[in-house]
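Each chain, letter by letter, is given below.
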Amino acid sequence: MLARMEISVEMLKRTAALGGFDWSDAELEPIRPAVERLLEALERLEALPLGDVEPTTQYRVI
Amino acid sequence: MSELCWASMADLGRMIATKQVSPVEVVRAHLDRIAAHDGKLRAFITVCADAALESARAAEAELMAGRPVGPLHGVPWAPKDLYLTKGVRTSGGSKILADSVPTADATVVARLASAGAIMLGKLNMHEFAYGPEGINAHYGDARNPWSADAHRIAGGSSSGSGAAVAAGLAPGSLGSDTGGSIRIPASLCGITGLKPTYGRASRAGVLPLAWSMDHVGPMTRSARDCALMLGAIAGYDPADPTTSVLPVPDYGAALTGDLKGLRVGLLRAHFTDVAAPEVKTAVETAAKQLERAGAVVDEVNLTQVTHVATASAAIVASEALAYHAAWMRSRPQDYQPDVRERLRLGAFVNGAHYVRSQQVRALVAREVDEVLARRDVLLSPATPLAAPVLGERETTLGDGPADVRAALLRCTRPFNFSGHPACAAPCGFTTSGLPIGLQIVGRPFDEATVLRVVDAYQRMTDWHTRRPAAA
C-alpha cells in the first residue's frame, strides 16, 4: 500500500522527472507532506464501491 | 459619492433607457469611485477609463438617435481578469500573462457587449484562479471592503469581483467558479453570486483552471441582477462543446416572490458540523423565514460529499497542471508560491487516481440528484466562516483547528463536483460586522428556481442592501 510508504524527495524527483519536470530537492521537500496526505486520501477512495460507476468527465449536456 | 454607484443594474438600465440618466454620467460616477477607493481595495488590475467613457458616449448617442435598447444598455460592469477581452490585457492575475493582449473577446464578454453593457476594467483574482483566498503576489491582495483596515480577505478566487461589487465600484461582474470562486467571495463580501449549471454558460475564451470543474457566472448585489446578467450570457455556444442547447428561460419573469409549497432541504452534517455558531444560526433563521413564506423545509444529509475534497483536489491538480505544464517547466519561478506548490501536486496524481476521482464524482452527482428528486432546492451555509484575516492559515471551527483553505471550500465544492446550480447570498452579519452567506442549490438547469428563492428571500430581508463602512 502506497499510503503507508514514506515518500522521499528522491521518489518525488524521479516521478516528476517522468513528467518532464526538473524540480530540485529544495522545491520538492516543502510539498512532500502534502503529496503524502493526498496519496493517502486517494487510497481511501479505493475502498468505495465504485466498480460499475461510470466515471464522469462531462455531463448534463442536454 | 454618487448614489448611482449603489443602484442595481436593473435600475440603471431602466433609468438609462428612459433617459433619466446618461450612460456617461453612470460610467463617470463609477470611474470616480474606483479612483477614490481602489488604491485601498485593490479590486482592479486594469481600469479602462477612456474606453469605458467612449463606449458610454456611443451608448448615449444610440439612445438619442432613438434606437431600441435592451435592459443592460449603458450599464457598467467588470469581469474577473481571466476573461479574454479584445485589445485589453488579460493577465489571469499572473506575471506570466502580464503582457497578454487578446485579439478576441470571450463569448460571454461579447454577449454582454452586444447587450450594451460597458466594461469598466478587469478585476483582481487569485493567480490563475487557483486558490479560495483571493490573494495575489503580483497585483496586490484584494481587500474585503467590510474590513479593509483589518486586512481581511475578499475570498477567491474572484476576489476583485467580490470587493468591487460590494464596495460600489461596479454593479456587476462575471466571476469563475471551480471550487467556489464565485460563491466564496460573494459570501465573504456580502453580495449575490451564481454558479450556473455546468453547460449553461460558455467558458470559451475564459482561462481555464480545470476544464471539467470550471463554471462562469454573475456576481451582483441582488438575485434580480444575477438574473439579468445570466439571461444575457447563457445559452449554447459552438465554441464551447460542453454548453447545452436547452433554451434559455426568462429568468426575470421567474422572480415571482412566491415560495408557497416550495420544498427546501436544509443540508446538515458536512455542511453545518463545523460551521461557526453565528453562521449556523443565520442559515437556520433564513430557513425559518422561507418556511414562514410558505416553503416546506426538511433536513437532509449528503453522505458522499465527505469524499469530495480528495477527489476534487486530484481532478483540479491534474487538469491544472496539464494546462500549466509548459510554463511549469520553463518559468516556475514566475508563479506565486502557493499556486506553484498546488500545481506541483498534479505531477503525483496518476491516471488511475484521476479516473477513480471522476467515479466518485458520478456518485456524488447521483446523490444530489436523488435528494433533489423530492425537493426543489437545498439550503446550506455558503462558507462555514466569515472573512478570515489575510495570511491566516488556520482557524477554529467546530471542536478544533481547521485549515482556512479547506474550510472556505467545504460547502461550495460539492456542487462544482456535481455540476448543480448554486447561488450564494448574504443572510446576516457576525457581531464583528462581517457578512454571512447562505447557499441555495437547485436542479440542473433550474437556475430560475434558485434565483426565485434568493429573490424572494431578498424581498423579506435587507442584508443585500447594506453597504460596507470601509468603502
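It should be noted that the structure appears before, not after, this text.
These numbers were taken from a predicted model, which means no experiment stands behind them.

Colleague: Would you mind showing me how to read the packing of aromatic side chains here?
Modeller: Aromatic rings in a pair are described by how distant their centres are and how their planes are angled relative to each other. This model, assessed by the stated rule, comprises eight aromatic pairs over all chains. On the basis of an interplanar angle of 20° and a centroid distance of 4.6 Å, the ring pair of Phe 21 of chain A and Trp 23 of chain A is categorised as stacked. Judged by relative accessible area, which is 2%, Trp 23 of chain A ranks as buried. Summarising the aromatic geometry, the rings of Phe 128 of chain B and Tyr 335 of chain B are spaced 5.8 Å apart at their centres and angled 45° between planes, so their arrangement reads as tilted. Of the two residues, Phe 128 of chain B is situated in the loop between β4 (121–123) and α5 (159–166) and Tyr 335 of chain B in the loop between α9 (308–330) and α10 (337–345); the sequence distance between them amounts to 207 residues. Its relative accessible area of 3% is what places Phe 128 of chain B among the buried residues. Among the aromatic residues, ring-to-ring pairing joins Phe 128, Trp 211, Tyr 323, Trp 327 and Tyr 335 of chain B into one connected group. Taking NZ or CZ as reference, Arg 329 of chain B lies 4.6 Å from the ring centre of Phe 21 of chain A, over its face.

Colleague: I'm lost on the packing of helix α8 (residues 277–292) of chain B against helix α14 (residues 447–460) of chain B in this one. Help?
Modeller: A pair of packed helices is captured by two measures, namely the crossing angle of their axes and the spacing between those axes. Residue and element names in this part refer to chain B. Remark: α8 packs on α14, axes separated minimally by 10 Å, with the N-to-C direction vectors making an angle of 95°. For the element pair α8 / α14, the angle class is roughly perpendicular. Contact with α8, carried on its side by Ala 286, Gln 289 and Leu 290, involves Val 453, Tyr 457 and Met 460 of α14 and no other residues of that element. Of the residues belonging to the contact of α8 with α14, the class tally is five nonpolar, one polar and no charged.

Colleague: Any chance you could explain the side chain of Ser 173 of chain B here in plain terms?
Modeller: All names here are of chain B. Structurally, the position occupied by Ser 173 is in strand β5 (residues 172–177). Exposure remark for Ser 173: the relative accessible area of 0% places this residue in the buried category. For Ser 173, the side chain forms a polar contact with the main-chain oxygen of Ala 78, separated by 2.7 Å. Residues within four places of Ser 173 in sequence aside, it is in contact with Trp 77, Ala 78, Pro 79, Lys 80, Leu 123, Ser 161, Val 165, Gly 217, Pro 218, Met 219 and Met 229.

Parameters and conventions
- Residues numbered from 1 in each chain as written.
- Chains lettered and ligands numbered in written order.
- Predicted model: local features only at pLDDT ≥ 70, side-chain atom pairs only at ≥ 80, totals over all residues.
- Heavy atoms only, no water.
- Phe/Tyr/Trp six-rings, centres within 6.5 Å; stacked < 30°, edge-to-face > 60°.
- Buried < 20%, exposed > 50% of the residue type's maximum accessible area, 1.4 Å probe, protein only.
- Helix = DSSP H or I, 4+ residues; strand = E, 2+ residues; numbered from the N terminus.
- Lys NZ or Arg CZ within 6 Å of the ring centre and 35° of its normal.
- Axes fitted to C-alpha atoms, helices over the stretch in contact; angles between N-to-C directions.
- Parallel < 35°, antiparallel > 145°, perpendicular 65-115°, else oblique.
- Contact = heavy atoms within 4.5 Å.
- Nonpolar A, V, L, I, M, F, W, Y, C, P; charged D, E, K, R; others polar.
- Polar contact = N/O pair within 3.5 Å; in protein donor to acceptor, adjacent residues only side chain to side chain.

As far as function goes, none of this settles anything; it's purely spatial.
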